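# Geometric and topological summary
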Amino acid sequence: MSAERCAIRMHDIHTRFGDTVVHRGISLCVREGERLGLVGGSGSGKTTLLREMIGLLRPSQGRVEVFGYDLNSGDPGELQALRNRYGVLFQAGALFTDLDVFDNIALPLREMKRLDESLIRELVMLKLALVNLDPAVARAMPWELSGGMVKRVALARALSLEPELLFLDEPTSGLDPIASDNFVQLINRLHRELGFTLVMITHDLHTLPDLCDRIAVLADGGLVSIGTLAEVADVDHPFVREFFHGKRARRVLTAAGG
Ligand SMILES: Nc1ncnc2c1ncn2[C@@H]1O[C@H](COP(=O)(O)OP(=O)(O)OP(=O)(O)O)[C@@H](O)[C@H]1O
Ligand SMILES: [Mg+2]
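Note that this is a predicted model, so its numbers are computed, not measured.

### Thoughts on the site of ligand 1
Around ligand 1, the surrounding shell consists of F17, T20, V22, G40, S42, G43, S44, G45, K46, T47, T48 and Q91. For the shell around ligand 1, the elements supplying multiple residues, two or more each, are strand 2 (20-31) and helix 1 (46-53). Element by element, the count of residues in the shell around ligand 1 is highest for helix 1, at 3 residues. Counted by class, the shell around ligand 1 contains 2 nonpolar, 9 polar and 1 charged residues.

### Comments concerning helix 6 (residues 177-194)
The end-to-end C-alpha separation of helix 6 is 25 Å, in line with the 26 Å expected for 18 residues at 1.5 Å each. For helix 6, the set of buried residues is S180, F183, V184 and I187. Buried residues of helix 6, viewed axially, fall in a sector of 100°; they line one side. The outward face of helix 6, more than 90 degrees from its buried face, is lined by the exposed residues I178, R192 and E193. Those residues of helix 6 that are buried lie in contact with helix 5 (147-158) and helix 7 (208-211). Directly after helix 6, the chain includes G195, whose backbone phi takes a positive value near 70°.

### Quick word on the sheet that holds strand 4 (residues 61-66)
Taken in spatial order, the 4 strands make up an open sheet running 2-1-4-5, and their pairing is antiparallel. Looking along the sheet, the strands with just one partner apiece sit at the ends: strand 2 and strand 5 (69-70). Pairing of strand 1 (residues 6-17) with strand 2, which is carried by 9 bridges, proceeds in the antiparallel orientation. Within the sheet, the bridge partner assigned to H14 lies in strand 2 and is R24.

### A closer look at the nonpolar core
Grouped burial of nonpolar side chains is what soluble globular proteins tend to show. Core analysis: the biggest nonpolar cluster contains 59 residues, and L38, M53, L89, L166, F167, V199 and M200 have the highest contact counts within it. Counting residues per element, this core draws most heavily on helix 5, at 5 residues. Summarising the domain contributions, this core has at least three residues from each of domain 1 (6-85 + 165-255) and domain 2 (97-162). With near-sequence residues (within four places) excluded, L38 lies in contact with K46, L49, V199, M200, I201, A216 and L218.

### Focus on the domain arrangement of the protein chain
By domain assignment, the protein chain separates into domain 1 (6-85 + 165-255) and domain 2 (97-162). Taking only C-alpha atoms, the centre of domain 1 and the centre of domain 2 are 25 Å apart. If you look at the interface, domain 1 gives 10 residues, while domain 2 gives 8 residues. Tallying contributions element by element places helix 6 first for the side of domain 1 that touches domain 2, with 5 residues. Split by residue class, the side of domain 1 that touches domain 2 holds 7 nonpolar, 3 polar and no charged.

Thresholds applied
- Within any chain, residue numbers begin from 1 and follow the written order of that chain's sequence.
- Both sets of labels track the order of writing: A upward for chains, 1 upward for ligands.
- Selection of residues for local features in this predicted model requires a pLDDT of at least 70, selection of side-chain atom pairs for listing and counting requires 80 or more, and totals for whole chains, interfaces and linings are taken over all residues.
- We count a residue as near a molecule or strand when its backbone-placed C-beta atom lies within 6 Å of that partner.
- Comment: elements are numbered from the N terminus, with helices defined as DSSP H or I runs of at least four residues and strands as E runs of at least two.
- In this classification, the charged set is Asp, Glu, Lys and Arg, the nonpolar set is Ala, Val, Leu, Ile, Met, Phe, Trp, Tyr, Cys and Pro, and all remaining amino acids, among them Gly, are polar.
- Here, expected helix span is obtained from the residue count minus one, scaled by 1.5 Å.
- Whether a residue is buried, exposed or partly exposed follows from its count of other C-beta atoms within 10 Å of its own C-beta, namely 20 or more, 12 or fewer, or something in between, respectively; the C-beta atoms are built from the backbone.
- Directions are taken from the helix axis to each C-beta atom, and the arc is the one they span.
- Contact between residues is assigned whenever the C-beta positions, reconstructed from backbone atoms, fall within 7 Å.
- Criterion used throughout: strands pair if DSSP finds at least two bridges between them.
- By convention in this section, buried Ala, Val, Leu, Ile, Met, Phe, Trp, Tyr and Cys residues joined through C-beta atoms within 7 Å make up a nonpolar core.
- Note: domain ranges come from an automatic or database domain assignment.

See below:
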């Protein structure tokens, strides 16, 4: 097999919280430029794995490399430089509720402390346009927005530093089917135009055929499978059977031609 170019490489990751064992030896490569979906039951450790990928949490054991840099090597300057190369849309609390849309998107730019306000304004308005939001939305407060708009603003903020790596944790949860489809199309368009590597956690089988090149399945503390939708759906495992072959799943996959 030819050597894979990995944006992220995880090697033998073990994670424990007290007596709770979440990961029991997970190794994987997120290929540069791919769209990787991460699925697994609630509590299977998807968000925890994501937090380890971005250096927010240190695994109990194992190694995480992002763009070839070992997150455990402990150089704070390197870690900060790395943080500027990825964007994250977290599962909960997508926006700061006491800041308007403009200030939410401007936050990462202001934290860099290198840009003047006129440039920040230009960049924020560009990001708003990128996620198909009207300029007038800039001065709205989060509670004035629909669920789909909140996700778009959060995406604009995740993209504000023009990341090479984008992490989305349940980006379509809470959206109705139409808003969810629109959001998937938006992410795909941005992936084509901006060329980032995407890691996306989802419960939403419906989004997988359109949005992911490969899918990683977490269960029982391990990586059950990683591959194309057809490959992972073929694995004999109780979670895979339920998730990919339950009644609802068959309808979705048949409709998608999978
Ligand atoms: N900081 C923490 N301290 C203690 N336990 C934690 C911590 N973070 C996560 N856990 C536990 O680790 C397990 C995995 O949690 P995680 O949030 O990664 O699951 P998940 O797959 O993202 O679930 P969901 O689909 O519901 O979002 C859970 O049992 C959770 O309670
Ligand atoms: Mg989670």
